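# Architecture and fold: a report
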Amino acid sequence: MKKPYIIKSVLFVAIMTLMQSCFVAKDYEAPKVTTENLFRTESTDTTSIASVSWDKLFTDTLLQQHINECLQNNLDLKIALQNIEAAEATFKQGKAGYLPSVTANASLTHQELSSNSQFGRLFSSLDQYELSAKLSWEADIWGKIRSTKRAALAQLLQSNAAKQAVQTELIATVSSLYFQLLAVDAQIKVVTKTLENRTQSVEVIQALKKAGNVNEVAVKQTEAQKYATQIILKDLEFNRKVLENTFSQLLGKVSGTVNRSTFETQKIEANVSAGLPVSVLSKRPDVVSAELNFRSSFEQTNVARSFFYPSLTLNATSGLQALELKQWFSTNSIFATVIAGLTQPVFAQRQNKTRLEVAKANQQKAYLQYEKAILAAGKEVSDALASYENETSKLAIRKNQLDALNQAANYSDELLQYGMVNYLEVLTAKDNALNTEINYIDNKYKQMNAVIQLYKALGGGN
């Protein structure tokens, strides 16, 4: 008697499996965006600075050590790795959607029956022992499980892209802070030397006052200039400590001094070129992440659409059931139930329609975010290229300005001793020379930082 039912169940499962070929979900296609004139550059070079590994771009061995330490210890990167682990767990669950769920049950049911009930006249109490297993399986006819798995895969890849984005940001930030520290060291060296010269200038102006060549006002103005230089030095020393604290935090350790080389020895030798716009789309992790987010939203729309179609399920329960414990393992205690069901949603309080509308809105939002990421990438690359060109041009002009002001300051000292200039002209010349030398170092740092920002904007460091 049981054989026909078994044959029918097997046939039903086979039919349900074959019906899974009725995949109604749409196939994913990457969004098409225009990348023409994405960068504001006249360069026709197809190679990109982003293709250079960070340890080849930054040749300072101390900086390389700091970057490696940051990639090992930075807390933001560790958080990103935990996000990847969570996404991997979700993806594994998505893959398991094709498998049936199985639950085991062991129960003892004791009933005290009413003597006035139908069975109470025969039994005062009833015990039932049961040991069973239940299997539930849903056929993926409309691609719901398949789309869920693909969405989970996109989220996993997106979390990995987010980790790469953190890594790119860290490499750029550590490098930029390192060079900024070196620039501040160089500025402190200049200001310290200037302070020594201005201390000597106070002595010289006091001697000139005794000789009757200048008055007390000139002495006080020269002393004030020395004090102003001391203030500049204090500010620079404060900035150095703040930079060191920030640098230490990036490396995942307490604040302290940073082992570093000198600003004068630094040079980034690289072909400053953006390459083709398509290379940005393939290397920038935020652009990759935005595209994967759109892909995940696309698959979620497929899932939402599948709720409008009927679902085929198979539920099977089998085990041992007996009224007495000694009969529990008898062949007569075996029972089995197979239920195959076809469920078509008719009215679900608008839940299915709402689910689909929300999914479509999220998909369109993800597409707009993808477009925004591409535009942001183009802007950042264009800004970095413009900054590099600007700072390179200014550096040559600043060098000429610095040479002229240093000569003017030297001449003014000599002319003052002969009474050919007044002390205000001397002070102005020296202030201009100091400020220009500080700005020259700052320009050189900004030129190097522009290379770093271009490297980051192009997705380098991965």
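Structure shown above.
Here's what I pulled together on the structure shown here. (Residues numbered from 1 in each chain as written. Predicted model: local features only at pLDDT ≥ 70, side-chain atom pairs only at ≥ 80, totals over all residues. Heavy atoms only, no water.)

This next bit is on the overall build of the chain. Counting its regular elements, the chain contains ten helices and four strands. Helices and strands appear in the chain in the N-to-C order α-α-α-α-β-β-α-α-α-α-β-β-α-α. Pairs at least 24 apart in sequence give 83% of the contacts found in the chain among residues at least 6 apart. By element, 55% of the accessible surface of the chain is carried by carbon and sulfur atoms, the whole surface being about 26,700 Å². (Helix = DSSP H or I, 4+ residues; strand = E, 2+ residues; numbered from the N terminus. Contact = heavy atoms within 4.5 Å. Areas by Shrake-Rupley, 256 points an atom, 1.4 Å probe, with all protein chains shown as cover.)

So, on to the packing of aromatic side chains. Applying the stated criterion to the full structure yields seven aromatic pairs. Consider the rings of Phe-58 and Phe-179, whose centres lie 6.3 Å apart with planes at 55°: the pair is tilted. With a gap of 121 residues between them, Phe-58 in the loop between helix 2 (54-57) and helix 3 (61-73) and Phe-179 in helix 5 (residues 144-210) connect regions that are remote in the sequence. Phe-179 shares its class with Phe-58; the two are buried. (Phe/Tyr/Trp six-rings, centres within 6.5 Å; stacked < 30°, edge-to-face > 60°. Buried < 20%, exposed > 50% of the residue type's maximum accessible area, 1.4 Å probe, protein only.)

Turning to the nonpolar core, a few remarks are in order. Core analysis: the biggest nonpolar cluster contains 49 residues, and Phe-58, Val-174, Phe-179, Phe-263 and Ile-268 have the highest contact counts within it. Contributions of two or more residues to this core are made by helix 2, helix 3, helix 5, helix 6 (216-250), helix 9 (351-417) and helix 10 (423-457). For this core, the leading source of residues is helix 5, giving 16 residues. Excluding residues that lie within four positions of it along the chain, Phe-263 makes contacts with Phe-179, Leu-182, Ala-183, Ala-186, Ile-441, Lys-444, Tyr-445 and Met-448. Formed by seven residues, the second largest nonpolar core is a distinct cluster that contains Leu-38, Tyr-370, Ile-374 and Ala-377. (Core = buried A, V, L, I, M, F, W, Y, C linked by side-chain atoms within 4.5 Å.)

As a further point, take the sheet that holds strand 3 (residues 311-322). Whether parallel or antiparallel, the strands of a sheet pair through hydrogen bonds between backbone atoms. In space, the four strands of this open sheet follow the order 1-2-3-4, with antiparallel pairing throughout. Since the sheet does not close on itself, it has two edges, and those belong to strand 1 (101-112) and strand 4 (334-343), each with one partner. Strand after strand, the sheet turns through a mean of 20° between neighbouring axes, direction not considered. Here strand 1 runs beside strand 2 (residues 125-138); their pairing, made up of twelve bridges, is antiparallel. Residue pairing in the sheet places His-110 in a bridge with Asp-127 of strand 2. (Pairing = 2+ DSSP bridges. Axes fitted to C-alpha atoms, helices over the stretch in contact; angles between N-to-C directions.)

With that out of the way, let us pick up the pattern of salt bridges. By the definition in use, this model includes 14 salt bridges. Two residues, Arg-260 and Asp-185, come together in a salt bridge whose shortest N-O distance is 2.6 Å. Within this pair, whereas Arg-260 is found in the loop between helix 6 and helix 7 (277-283), its partner Asp-185 is found in helix 5, the two being separated by 75 residues in sequence. With respect to class, Arg-260 is no different from Asp-185; both count as buried. Here Glu-380 and Arg-284 are joined by a salt bridge, their closest N and O atoms 3.0 Å apart. One end of the pair, Glu-380, is in helix 9; the other, Arg-284, is in the loop between helix 7 and helix 8 (285-306), and 96 residues separate them in sequence. (Salt bridge = Lys/Arg side-chain N within 4 Å of Asp/Glu carboxyl O.)

Between its first and last C-alpha, helix 4 (residues 75-95) extends 31 Å over 21 residues, near the 30 Å set by a 1.5 Å rise per residue. The complete set of buried residues in helix 4 reads Leu-77, Ala-80, Ile-84, Ala-87, Phe-91 and Gly-94. With its buried residues spanning 75° around the axis, helix 4 presents them on a single face. Away from its buried face by more than 90 degrees, helix 4 exposes Leu-75, Lys-92 and Gln-93. Two to three positions downstream of the cap, the backbone nitrogen of Asp-76 sits 2.9 Å from a side-chain oxygen, assigning the N-cap of helix 4 to Asn-74. (Expected span 1.5 Å × (residues − 1). Arc of directions from axis to C-beta. Polar contact = N/O pair within 3.5 Å; in protein donor to acceptor, adjacent residues only side chain to side chain.)

By secondary structure assignment, the location of Glu-130 is in strand 2. Sequence-wise, Glu-130 and Asn-105 are 25 residues apart; in three dimensions their C-alpha atoms are separated by 7.7 Å. A distance of 3.1 Å separates polar atoms of two side chains, one belonging to Glu-130 and the other to Ser-132.

This part is about helix 3. Compared with the 18 Å implied by 1.5 Å per residue over 13 residues, the 18 Å span of helix 3 between its first and last C-alpha is a close match. Of the positions making up helix 3, those classed as buried are Leu-62, Leu-63, Gln-64, His-66, Ile-67 and Cys-70. Taken together, the buried residues of helix 3 touch helix 2, helix 5 and helix 6. Between the side-chain oxygen at the start of helix 3 and the backbone nitrogen of Leu-62 there is a gap of 2.9 Å, and the oxygen is on Asp-60.

At a minimum axis distance of 8 Å, the contact between helix 5 and helix 8 shows a crossing angle of 165°. In this view, helix 5 runs roughly antiparallel relative to helix 8, as classed from their interaxial angle. Handedness of the crossing formed by helix 5 with helix 8: left-handed. Across the contact of helix 5 with helix 8, the residue classes tally to nine nonpolar, twelve polar and four charged. (Parallel < 35°, antiparallel > 145°, perpendicular 65-115°, else oblique. Left-handed = near helix turned anticlockwise from the far one by under 90°. Nonpolar A, V, L, I, M, F, W, Y, C, P; charged D, E, K, R; others polar.)

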